[in-house]
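Coordinate inspection notes
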Amino acid sequence: MNNGGYNLRDSLFIEGDTLISGRRYLIRNGTYLGNPRRDLLFDSAMSIYTYPFRDILFTLDDEVEVTKSFGHGDNIIAVGTYSLESATTSVTVPAGQFECFSYTGTIESVLPDYQHGTRYNSYLYSNEVGLVLMRTHFFSSPNNLEMRLVDYGANN
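Residue indices begin from 1 for each chain and proceed along its sequence in written order. This being a predicted model, a pLDDT of at least 70 is required before a residue's local features are given, and a value of 80 or more before pairs of side-chain atoms are given or counted; all residues contribute to the totals for chains, interfaces and linings. The side-chain figures draw on all heavy atoms in the structure; neither hydrogens nor water molecules are used.

**Comments concerning the packing of aromatic side chains**
- Any two of the Phe, Tyr and Trp rings considered here, Trp counted by its six-membered ring, make a pair once their centres fall within 6.5 Å; the pair's planes then place it as stacked at under 30 degrees, edge-to-face at over 60, or tilted in between. Per the stated rule, a full pass over the model turns up nine aromatic pairs.
- Taking the centre distance of 4.2 Å and the plane angle of 35° together, the rings of F58 and Y125 count as tilted. Here Y125 lies in strand 10 (residues 119-126) and F58 lies in strand 5 (residues 56-59), a separation of 67 residues in the sequence.
- Here the term buried applies to any residue with accessible area under 20% of the maximum for its type, exposed to any over 50%, and partly exposed to those in between, with areas from a 1.4 Å probe on protein chains only. Take F58: its relative accessible area is 5%, and that puts it in the buried class.
- Owing to a relative accessible area of 11%, Y125 belongs among the buried residues under this scheme.
- Judged by centre distance (4.3 Å) and plane angle (15°), the rings of Y114 and F139 are stacked. Of this pair, Y114 sits in the loop between strand 9 (96-109) and strand 10 while F139 sits in the loop between strand 11 (130-137) and strand 12 (144-148); the two residues are 25 residues apart in sequence, bridging distant segments of the chain.
- Among the aromatic residues, ring-to-ring pairing joins F58, Y82, Y103, Y123 and Y125 into one connected group.
- Across from the ring centre of Y49, 4.5 Å away, lies the NZ or CZ of R54, which sits over that ring.
- Its guanidinium or amino end placed over the ring of Y82, K68 lies 4.9 Å from that ring's centre, counting from NZ or CZ. Only DSSP runs of H or I covering at least 4 residues are called helices, and only runs of E covering at least 2 are called strands; the numbering of each starts at the N terminus. Definition used: whenever NZ (Lys) or CZ (Arg) falls within 6 Å of the ring centre and also within 35 degrees of the ring normal, the charge is taken to sit over that ring.

**A word on the pairing of strand 10**
- Burial within strand 10 is extensive, with seven of its eight residues counted as buried.
- The pairing of strand 9 with strand 10 spans eight bridges and is classified as antiparallel. Its bridge partner being in strand 10, T106 is matched across the sheet by Y120.
- Taken together, the five bridges between strand 10 and strand 11 define a ladder with antiparallel strand orientation. Considered in strand 11, the bridge of S122 is made with R135.
- The antiparallel hairpin formed by strand 10 and strand 11 contains three residues in its connecting segment, where E128 sits at a positive phi of about 70°. In this description, strands pair whenever DSSP reports at least two bridges between them.

**Side note on the environment of R38**
- When you line up the elements, R38 lands in strand 3 (residues 35-44).
- Judged by its relative accessible area of 57%, R38 is exposed.
- In the structure, R38 is positioned 73 residues away from L111 in sequence and 30 Å away in space, judged by C-alpha atoms.
- Here a residue-residue contact requires only that any non-hydrogen atoms of the pair lie within 4.5 Å. For R38, the contacting residues outside a window of four places in its chain are E15, I27, R28 and N29.
- Here E15 takes part through its side chain, which lies 2.7 Å from a polar atom of the side chain of R38. Residues adjacent in sequence count toward polar contacts only when both atoms are side-chain atoms; beyond that, a polar contact is any pair of N or O atoms within 3.5 Å, and within protein one must be able to donate a hydrogen and the other to accept it.

**Details of unusual backbone geometry**
- Cis geometry is adopted by the peptide bond preceding P52, which originates at Y51 and carries an omega value of 10°.
- The phi dihedral of S21 falls on the positive side, at around 50°, and the residue is not glycine.
- One can find S21 in the loop between strand 1 (12-20) and strand 2 (23-32).
- A relative accessible area of 79% means that S21 is categorised as exposed.
- Although it is not a glycine, R54 sits at a positive phi angle of roughly 60°.
- With respect to the secondary-structure elements, R54 resides in the loop between strand 4 (47-51) and strand 5.

Structure below.
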């Protein structure tokens, strides 16, 4: 895979696609928050899902609200509620300027001693391009993290 000379740390790529039972899935590969990641994505009913778990990564259905738990096993540390913002927003990143839909999560800790308050995750998607900007945070610190689209299109 040609990664365009980018550092693979915290870089995700759509490296191809595959067919499973007649349905086309995109293969996403790379590193996310310092952890290797390889998964399959598909779209259905105005939403992008993971396969096989069917976690919603994004939806254009403004009536859908998704609740996600964060932690490991039964050790839940936070709960997030995600939904589509009502208006699009213009976003400028290294790859250019895009009109984006914002899928935003409000994250509330369930730990009584948590000191960082309510946290927010934002995923901004552009039509025909995909994920353009992601804003998230490190749960155990006050620091935020922003990932920006630096390039898109076919790698030759």
